[in-house]
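# Survey of secondary and tertiary structure
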Amino acid sequence: MISDQASLEVHVSDVTVTYNNGHTALHDASFHLRSGSICALVGVNGSGKSTLFKAIMGFVRPSRGSVTIGGRPVKEAQKKSWVAYVPQSEEVDWTFPVSVWDVVMMGRYGFMNFLRTPRPEDKRLVRESLERVKMWDFRDRQIGELSGGQKKRVFLARALAQGGRVILLDEPFTGVDVKTEAAIIELLRELRAAGHIMLVSTHNLGSVPEFCDQVVLINRTVLASGPTEEVFTQANLALAFGGVLRQFQFDHSTVDDSDGRAVTLLTDDERPVVLGRGGHLEHRLSDEGKQGDES
Amino acid sequence: MIEQLTIPFQYEYMLKAIFVSALIGGVCAFLSCFVTLKGWSLMGDALSHSIVPGVALAVMLGLPFAVGAFFAGLLAAAAMGFVKAKTPIREDATIGIVFTSFFALGLLLISLYPTGFNLRTIVFGNMLGIADFDILQAIVICAIAMTVLLAKWKDLLLFCFDANQARSIGLNTTALHFILLSLLSAVAVAALQAVGACLVVAMLVTPGATAYLLTDRFGRMLGIASTMGVLTSAAGAYASYFLDGSVGGCIVVLQTTLFLLAFAFAPKHGMLASRRASRKAIAATLQEVSA
Ligand SMILES: Nc1ncnc2c1ncn2[C@@H]1O[C@H](COP(=O)(O)OP(=O)(O)OP(=O)(O)O)[C@@H](O)[C@H]1O
Ligand SMILES: [Mg+2]
């Protein structure tokens, strides 16, 4: 699973996507990601997150601009199985008669012969991937007979088995408990260390600074992109979310009275993000743990 | 008694009917696994009716009827796709509109230009009177369909299960969609012979639905469905001799019987099994509570 090639980059330049109905969901979006990064894709509902994913996977053709992966067009990257996708739960038919093992094996199809006969190599990789997400014991279960977090892990295992060097995760934390979330984050960190690029769309603002080193803020175009400390600020979040975010200003609260510090708490309905005076992110991106998270 | 049971085998037309029915039944059943999982049951029904004008035209022009039928089926599928893409009308309504208009056109053609081709044959099938050329036609269709299915069933499975994943690893999903649709169309044409336009959809759905109740693995589902398709079709054709009834009717009634049995007794998804499971669960909870 460890990357066997030199660094891979994702370049999105001036991408404009217009759907058949004439709606331009995304215009002039540009950003780039270097290998070994986890990037959060943050924006309101309908801001074009899924559309951007579709553009990177080659499901929609940009009417303008281009996406390149490792310097190659998306079509070529597909043939090499470079881009793996972890779908949103709602997109999957859970009643389908396939087992966990079958699903993960599907990640290997791109490497198999015409008849898709698994080689020992494929079986080994499937096993490794399942063990890595701690789902090996469930390999014979029908996929619908799993909990929400287990389902997510199976599809993550499929991305691993595929050897996807760019992994797209569409809202991986919805319906997942804290423990599984931590496990998934841990896995993403390992993959980052191995040189993978992960793009994670999420409404879970609070966990963004915890594991994402890059952030792309989006609202029908890229509003800001870059390292988390620089981009994930109150000003930018306000720009991205307008009035949509729930905001609790503690300036005049008892918190403020007691220790004299101003704290802002922003939430897009899931875990809140905590910002200090002037809208600076109070969270330090490191492995020191989460102190500084709470006021 | 034994002698009586072997009587059908003494007639060449019965042997042919049994053989062709089994062949068509098997291929239909194999395909039915994809049809039921993809949610294309209505589509199968629509296609089997839409091929009627193609049959009428082909007969008028002196072409093999399978050719006309196949293209009429594809045309109908294309028309449904077009209406669906261009209007917000719901899919079932689209299917309803397209297939009835095709069927009506077929009726009209047949009534305006009688060609000696019997409408009853199309609507109810005519297995016992099947011509040698039509047998050949059915064999060719089944052979091609089965080859494609056996070679590509894994790709088709991935396409039905997760088209996005199929696309993201570079499979041509448009081609897979077209392949599945063509297979459906072609196999419907073959089945038309056996059971007629009205009952084709049963052969294209019931075995898959039955097998689905019996297993959680797609590979096994294919095996169970095909076996069931072959056996019920052969047995149906055989039984029709004694009942002196329609072959299509016998086959489909047999299949439905098996479906009902699976529905009641399937080890995991059957009605009795789920009732047993829920009783057990309740008992376990009660025990826990009292303990
Ligand atoms: N297939 C489509 N055809 C036409 N318009 C579409 C299509 N898919 C999405 N859109 C429109 O494009 C815009 C962006 O949608 P997109 O799905 O990318 O949003 P999103 O950021 O993923 O939202 P969410 O947070 O709700 O998942 C929306 O206004 C949506 O209505
Ligand atoms: Mg989305």
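Residues numbered from 1 in each chain as written. Chains lettered and ligands numbered in written order. Predicted model: local features only at pLDDT ≥ 70, side-chain atom pairs only at ≥ 80, totals over all residues. Heavy atoms only, no water.

Before going further, it helps to examine the site of ligand 1. All names here are of chain A. Near ligand 1 lie 15 residues; those nearest to it are Asn45, Gly46, Lys49, Ser50 and Thr51. Within the side chain of Lys49, an N or O atom sits 2.7 Å from an oxygen atom of ligand 1. Here the residues of the shell around ligand 1 sort into three nonpolar, nine polar and three charged. (Near = heavy atom within 4 Å. Polar contact = N/O pair within 3.5 Å; in protein donor to acceptor, adjacent residues only side chain to side chain. Nonpolar A, V, L, I, M, F, W, Y, C, P; charged D, E, K, R; others polar.)

All right, on to the packing of aromatic side chains then. The final tally for this structure, using the stated rule, is 13 aromatic pairs over all chains. Judged by centre distance (6.1 Å) and plane angle (65 degrees), the rings of Trp101 of chain A and Trp136 of chain A are edge-to-face. Within this pair, whereas Trp101 of chain A is found in helix H3 (residues 100–106), its partner Trp136 of chain A is found in the loop between helix H4 (120–132) and helix H5 (148–161), the two being separated by 35 residues in sequence. Comparing Trp101 of chain A with Trp136 of chain A, the two get one shared label, buried. Through a chain of ring-to-ring contacts, the aromatic side chains of Phe9, Tyr11, Tyr13, Tyr238, Tyr241 and Phe242 of chain B assemble into a single cluster. Looking at Arg139 of chain A, its charged tip hangs above the ring of Trp136 of chain A, at a distance of 4.1 Å from the centre. One Lys or Arg, Lys152 of chain B, reaches over the ring of Phe114 of chain A and ends 4.0 Å from the middle of that ring. (Phe/Tyr/Trp six-rings, centres within 6.5 Å; stacked < 30°, edge-to-face > 60°. Helix = DSSP H or I, 4+ residues; strand = E, 2+ residues; numbered from the N terminus. Buried < 20%, exposed > 50% of the residue type's maximum accessible area, 1.4 Å probe, protein only. Lys NZ or Arg CZ within 6 Å of the ring centre and 35° of its normal.)

Time to look at a positive patch on the surface. Together, Arg275, Arg276, Arg279 and Lys280 of chain B give the surface a local cluster of positive charge. Here Arg275 of chain B lies in helix H15 (residues 271–290). (Patch = residues over 30% accessible without salt bridge, like charges linked within 9 Å, V, L, I, M, F, W, Y side chains within 5 Å. Areas by Shrake-Rupley, 256 points an atom, 1.4 Å probe, with all protein chains shown as cover. Salt bridge = Lys/Arg side-chain N within 4 Å of Asp/Glu carboxyl O. Lys, Arg positive; Asp, Glu negative; His and termini not counted. Charge placed at Lys NZ, Arg CZ, Asp CG, Glu CD.)

All names here are of chain B. The N-to-C vectors of helix H13 (residues 218–243) and helix H14 (residues 247–265) enclose an angle of 130 degrees; their axes lie 7 Å apart at closest approach. With respect to H14, the element H13 is oriented oblique. Crossing of H13 against H14: the hand is right-handed. Residues Met228, Gly229, Thr232, Ser233, Ala235, Gly236, Ala237, Ala239, Ser240 and Leu243 of H13 form the contact with H14, whose participating residues are Val247, Cys250, Ile251, Leu254, Gln255 and Leu258. Classifying every residue of the contact of H13 with H14 by side-chain character gives 10 nonpolar, six polar and no charged. (Axes fitted to C-alpha atoms, helices over the stretch in contact; angles between N-to-C directions. Parallel < 35°, antiparallel > 145°, perpendicular 65-115°, else oblique. Left-handed = near helix turned anticlockwise from the far one by under 90°. Contact = heavy atoms within 4.5 Å.)

This next bit is on unusual backbone geometry. Residues and elements named next belong to chain A. Of note in this structure, Asp28 is not a glycine but carries a positive phi near 45 degrees. Residue placement: Asp28 occurs in strand E2 (residues 24–33). The exposure class assigned to Asp28 is partly exposed, which follows from its relative accessible area of 33%. At Arg220, a position not held by glycine, the phi torsion is positive, near 65 degrees.

A few words on the sheet that holds strand E6 (residues 83–86) of chain A. Sheet strands line up and pair through hydrogen bonds in the backbone, either parallel or antiparallel. Residue and element names in this part refer to chain A. Strand order in the open sheet formed by six strands is E6-E7-E8-E3-E9-E10, and the pairing between neighbours is mixed. If you trace the sheet from one side to the other, it starts and ends with E6 and strand E10 (222–227), each paired once. Here the average twist between neighbouring strands, direction ignored, is 15 degrees. The pairing of E6 with strand E7 (residues 166–170) spans four bridges and is classified as parallel. (Pairing = 2+ DSSP bridges.)

Looking now at the confidence of the model for chain A. All names here are of chain A. Scored by pLDDT, chain A comes out at a mean of 84, with 82% of its residues at no less than 70. The lowest-confidence element of chain A is helix H10 (residues 254–259), averaging 53 in pLDDT; the highest-confidence one is H3, averaging 96. Here residues 285–295 is a poorly scored stretch, pLDDT under 50, and it has 18 contacts once near neighbours within four places are set aside; other chains count. (pLDDT = per-residue confidence, 0-100.)

Turning our attention to the nonpolar core. Membership of the largest hydrophobic core comes to 140 residues, with the highest contact counts inside it found for Leu130 and Leu188 of chain A together with Ile24, Leu31, Phe34 and Phe161 of chain B. The dominant element in this core, judged by the number of residues it contributes, is helix H2 (residues 12–38) of chain B, at 15 residues. Leu33, Leu41, Leu52 and Ile69 of chain A belong to the second-largest nonpolar core, a separate cluster that totals 32 residues. (Core = buried A, V, L, I, M, F, W, Y, C linked by side-chain atoms within 4.5 Å.)

Attention now goes to the confidence of the model for chain B. All names here are of chain B. In this model, chain B carries an average pLDDT of 90, and 99% of its residues clear a pLDDT of 70 or more. When the elements of chain B are averaged for pLDDT, helix H7 (residues 119–124) gives the smallest value, 79, and helix H12 (residues 206–214) the largest, 96. What the predictor reports for the complex is a pTM of 0.85 with an ipTM of 0.85.

With that settled, consider the environment of Arg141 of chain A. Residue and element names in this part refer to chain A. Following the sequence through the fold, Arg141 ends up in the loop between H4 and H5. Along the backbone, Arg141 and Val98 are 43 residues apart, and their C-alpha atoms lie at a distance of 8.3 Å. In contact with Arg141, other than residues within four places in its own chain, are Val98, Ser99, Val100 and Leu146.

Residue and element names in this part refer to chain B. Together, Leu57, Met60, Leu61, Leu63, Leu108, Leu112 and Tyr113 make up an exposed nonpolar region whose accessible area comes to about 690 Å². For the nonpolar patch, the element with the most residues is helix H4 (residues 52–61), which contributes three residues. Relative to the elements of secondary structure, Tyr113 occurs in the loop between helix H6 (91–112) and H7. Residue classification places Tyr113 among the partly exposed positions, given a relative accessible area of 46%.

Turning to the pairing of strand E4 (residues 64–69) of chain A, a few remarks are in order. Residue and element names in this part refer to chain A. Where strand E1 (residues 10–18) and E4 come together, five bridges link them in antiparallel fashion. Note that in E4 the partner of Val10 across the bridge is Ile69. In sequence, E4 turns back onto strand E5 (residues 72–73) through a hairpin of two residues, with Gly70 there showing a positive phi of about 60 degrees.

Residues and elements named next belong to chain A. Where helix H9 (residues 234–241) is concerned, the buried positions are Gln234, Asn236, Leu237, Ala240 and Phe241. Buried residues of H9, viewed axially, fall in a sector of 160 degrees; they line one side. Among the exposed residues of H9, those pointing more than 90 degrees away from its buried face are Ala235 and Leu239. Count one or two residues on from H9 and you reach Gly242, which has phi positive near 55 degrees. (Arc of directions from axis to C-beta.)

So, about the pattern of salt bridges. Counted by the stated rule, this structure contains 20 salt bridges over all chains. One salt bridge connects Arg124 of chain A with Glu128 of chain A, and the closest N-O pair in it is separated by 2.6 Å. Placement of both Arg124 of chain A and Glu128 of chain A in helix H4 is noted, with a separation of four residues, approximately one turn of the helix. For Arg124 of chain A, a relative accessible area of 41% translates into the label partly exposed. A salt bridge links Asp132 of chain B to Lys16 of chain B, with the shortest nitrogen-to-oxygen separation between them at 2.8 Å. Pair noted here: Asp132 of chain B is in helix H8 (residues 132–161) and Lys16 of chain B is in helix H2, with a separation of 116 residues, a long-range link. Residues participating in the shared-partner salt-bridge network are Asp102 and Asp140 of chain A together with Arg217 of chain B.

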